[in-house]
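Structure assessment
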Amino acid sequence: MAKQSFSQWLAELFKFGFVGGVAYVVDTGLFNLLVYGPGELLLTHPTLAKVISASVATLVAWIGNRYWTFSGKRSATAGRELVMFVLVNVGGMLVAVATLWFSYYMLGLTSPVAVNISANVVGVALGTIFRYVCYRYWVFSGAAAAGPRTPAPPAGSPRPDPAPSEGRSGRS
């Protein structure tokens, strides 16, 4: 990975935050539309609405991060990258859930304000840091974009002769 200047890193961080903000709006907007919008399609199934909205938001975030934030670092295999991206998002969600669990069950902070702060402020912040680091160094590492490797000759096959160098007659 090429060295990045501080201003380039800040630009990358801004893009990451912007894409995350768009994904957050998609997630919350679609969730509320499915649960409370016209026809209240999933009023009695808010968890299904959340799974749908979070899934769509994850795809939005992947596209934004792949083609904008980390465009110079994406891998050649989009499918592998998407699977890694989803796994990292699940990890980020687990970070937020663990923060909520600790606050709620271990510290006994059960008020609506405390629950929202632990889940949606502290948990989202820690999950976002986790996601950024994983996206930067694992998902969008550019490792697979380097191109195909030259296959090794089959075992037992003769090695090709090196090209004769200048001034050499080619005789032993």
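Residues numbered from 1 in each chain as written. Predicted model: local features only at pLDDT ≥ 70, side-chain atom pairs only at ≥ 80, totals over all residues. Heavy atoms only, no water.

1. A short note on helix α4 (residues 112-139)
- Compared with an ideal rise of 1.5 Å per residue, which puts 28 residues at 40 Å, α4 spans 35 Å between its outermost C-alpha atoms and falls more than 12% short.
- Of all the bends in α4, the greatest, near 35 degrees, is centred on G123.
- What α4 keeps buried is the set A114, S118, A119, G123, G127, R131, Y132, C134, Y135, R136 and V139.
- Residues of α4 that are buried in the fold lie against α1 (6-36), α2 (46-69) and α3 (78-106). (Helix = DSSP H or I, 4+ residues; strand = E, 2+ residues; numbered from the N terminus. Expected span 1.5 Å × (residues − 1). Bend = angle between axes of the 7 residues up to and from the residue. Buried < 20%, exposed > 50% of the residue type's maximum accessible area, 1.4 Å probe, protein only. Contact = heavy atoms within 4.5 Å.)

2. Digging into α1
- If you check α1, its first and last C-alpha atoms are 44 Å apart, about what 31 residues at 1.5 Å a residue would give, namely 45 Å.
- For α1, the set of buried residues is E12, F16, V19, A23, D27, F31, L34 and V35.
- In the core, the buried residues of α1 are packed alongside α2 and α4.

3. Looking at the pattern of salt bridges
- Inspection of the entire model under this criterion finds four salt bridges.
- Where K50 meets D27, a salt bridge forms, and the shortest distance between an N and an O atom there is 3.0 Å. Highlighted residues: K50 in helix α2 and D27 in helix α1, separated in sequence by 23 residues.
- For K50, a relative accessible area of 36% gives the class partly exposed.
- Using a relative accessible area of 13% as the deciding quantity, one classes D27 as buried. (Salt bridge = Lys/Arg side-chain N within 4 Å of Asp/Glu carboxyl O.)

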